[in-house]
Amino acid sequence: MVFDYTVGMTGEAGSNGLLGNYDPFTYDGGAVLPGDRYWDYGTMRKINFLIEKLPVLAAKYGEQKLNNWMASAYFCRAYIYFSLARRYGGVPIIDQVQNYPEQSIEELQVSRNKEDAVWECVKEDFDRAISMFPDTPLSPYDALPNKYSAAAMKSRAMLHAASIAKYGTMQLGDLLGVPRNKAAYYFKEAYNAAKILEGKYSLYNKETDKVINFANIFLDKSSPENILVQEFLRPSKIHSWNCHISPKQFGVSYGSVWGPTLNLVGLFGEVPIGTTAAPVRCDSYEQLLTGLEPRLRGSILFPSETFRKQKIKVQTGIFPTFPGTPVTSTDPSVEWEAPGGTKYQICGESGMEGSGTSTGFHIRKYLLADPMPDDLQEWNDQTMWIEMRYAEVLLNRAEAACELYAEGERDADYLQDAFTCMNDVRDRAGAALVADKSTLTDLEIVRLERAKELAFENTTYWDYIRWRAFDMKIDNRMNYRLSPYFVADENKYIFLREQQQFVTGYTFPVRLYYHQIPPGEISKNTNLLPQNPYQD
């Protein structure tokens, strides 16, 4: 029973596996709007029931099993309250089973607690789980919570609470917001929780090729980096990631659904394409890949990159001469005939637009390198989802350390610790190392590292929410694509930075930092008022 609660929570809001775990901020995958209506008090009641009833079974099952079950229940309850708090701020704290008709409707219609009280509840439940879980050998492929996954999740949750304290504001009579004077307290809770995992997990480093090594993090079930994994198994628990994300040329019916934007790729450094007015001429597509960070190529597939023994065929069109007017088509069978009779395919089987990628790129994370035919069918993929891995814990630790230094805390060498954690992650990524720990007083360096390392892992959206930076980062933001063209009279290839078609500028009003309490819940319990600033 506890197992079912645990593996069912990755998507949080009724999503099915990997399809629910994406960051709309980092690629072309939907509007940035908080409207998932997550309100899982039904599961909360079952967990409270377990916590109340399990102790009476101690004599039958023994203390060790009882403690493990109780710890799992506290872990699940902490995770749900964390998921609620980061959406809605203050919500009702219900830690006992509600019973009707023994209790009246009026008694059951509870009010919201202040947001800070909810974060304290999250902390206490994770602490209970950490203290009650046995310190036993770990499986590298663990779909059940343990002492260390509880500590890892606590580091993620406390980092969120601390960020709200530092960067948020108090609203609605303190139902929303965390007092500013608690920022250091929560940062230290996040930091100490992350340190619990030291020596228990390690970064994945099985392959000498750093591109392949990074890609394999998300496919190797024996990875020492896996902390909490969601399993999928045919026929009942499956998803469609490899079907929806694989390049169209592999014969998938819904391939190339989401593509990483050039905006995201640019976070890793300048792509050597020149300017639209003066693009770099290339003899082949492969020249584009020269000098790119291995972690970038392990996360994203570029045009003409070899994958599954095929070159990813993405082309926007053909310039008879540049500058000029390109010949375009979304049909891979259509050809353009040059003067002299030579025929050229206008677009590739995997793009651009039409049935292919809309950005020039494809996500590589979680794509199987050698899939079976069943893996490429819709709702038939059983690739694992890593809910928590050690790289995030190191980055949580580094961020908390830098924030503690910024808060004036000097009880440890926080900058040195952040320096070590950051360089561990960068070394494995094949990225340039941080040269001087003093540069980490610039928190943007740590934030950028998270965006690069954890892209497409359901963290970037929440990071910008907790930093209260979303409204600034996407103020009339436009997404851009990488458009490959063949220049016929030069027999060269060029890559242009072009605005993504059919996409308007994104904005994020500050009222969206908190989701609206589901109107259906308010209709049943008006004590949940006042409503959060966000309104449909």
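Residues numbered from 1 in each chain as written. Predicted model: local features only at pLDDT ≥ 70, side-chain atom pairs only at ≥ 80, totals over all residues. Heavy atoms only, no water.

Chemist: Just to check I follow, could you spell out the nonpolar core for this structure?
Modeler: Across soluble globular proteins, nonpolar side chains show a tendency to be buried alongside one another. Counting residues in each nonpolar core, the largest one holds 86 residues, and the members touching the most others are Phe75, Tyr81, Leu84, Trp119, Leu197 and Leu440. Those residues within four positions of Leu84 in sequence are excluded, and the remaining contacts are Tyr38, Trp39, Asp40, Tyr41, Met44, Gly89 and Val91. Within the second largest apolar cluster, 40 residues are counted, among which are Val229, Leu262, Leu264 and Met352. (Core = buried A, V, L, I, M, F, W, Y, C linked by side-chain atoms within 4.5 Å. Buried < 20%, exposed > 50% of the residue type's maximum accessible area, 1.4 Å probe, protein only. Contact = heavy atoms within 4.5 Å.)

Chemist: Quick question: what am I supposed to make of the pairing of strand 11 (residues 480–487) here?
Modeler: Across a regular strand the side chains alternate sides, sitting on one face of the sheet and then on the other. For strand 11, a buried count of seven out of eight residues is recorded, marking the element as mostly surrounded by other parts of the structure. Judged from the three bridges that link them, strand 5 (residues 317–319) and strand 11 form a sheet pairing that is parallel. Residue pairing in the sheet places Gly317 in a bridge with Tyr485 of strand 11. Direction of pairing for strand 11 relative to strand 12 (residues 492–499): antiparallel, over a ladder of eight bridges. (Helix = DSSP H or I, 4+ residues; strand = E, 2+ residues; numbered from the N terminus. Pairing = 2+ DSSP bridges.)

Chemist: Can you help me understand empty space enclosed by the protein in this one?
Modeler: One way to see where empty space is left: roll a probe the size of a water molecule over the atoms. Summed over all chains, the structure comprises seven cavities of 30 Å³ or more. The calculated volume of the largest cavity comes to roughly 90 Å³. Every residue lining the largest cavity is counted, 13 residues in all, and those nearest its centre are Arg86, Arg156, Arg450, Asp463 and Arg466. Sorting the residues of the lining of the largest cavity by element identifies helix 4 (63–88), helix 7 (147–167), helix 13 (390–406) and helix 16 (460–466) as the ones contributing at least two each. For the lining of the largest cavity, the per-class residue count stands at three nonpolar, four polar and six charged. (1 Å grid on protein atoms, 1.4 Å probe; cavity = no way out; pocket = protein on both sides within 12 Å on 5 of 7 lines; lining within 4 Å. Points joined across faces, edges and corners; volume = space filled by probe spheres on them. Nonpolar A, V, L, I, M, F, W, Y, C, P; charged D, E, K, R; others polar.)

Chemist: Even after reading the chapter, I still don't get the pairing of strand 1 (residues 226–230), so can you show me in this structure?
Modeler: Here strand 1 lies mainly inside the structure; five of its five residues are buried. Bridge count between strand 1 and strand 10 (residues 385–389): four bridges; the pairing is antiparallel. Paired with Val229 across the strands is Ile386, a residue of strand 10.

Chemist: Please clarify how the packing of helix 6 (residues 115–132) against helix 8 (residues 183–195) should be interpreted in this entry.
Modeler: Relative placement of two packed helices is described by the angle separating their axes and the distance separating the axes. For the pair helix 6 and helix 8, the least separation of the axes is 12 Å and the interaxial angle reads 20°. In terms of orientation, helix 6 and helix 8 fall into the roughly parallel class. Note on packing geometry: the crossing formed by helix 6 with helix 8 is left-handed. Here Asp116, Trp119, Glu120 and Lys123 of helix 6 come into contact with helix 8, specifically with Tyr185, Tyr186 and Glu189. Taken together, the residues of the contact of helix 6 with helix 8 break down into three nonpolar, no polar and four charged. (Axes fitted to C-alpha atoms, helices over the stretch in contact; angles between N-to-C directions. Parallel < 35°, antiparallel > 145°, perpendicular 65-115°, else oblique. Left-handed = near helix turned anticlockwise from the far one by under 90°.)

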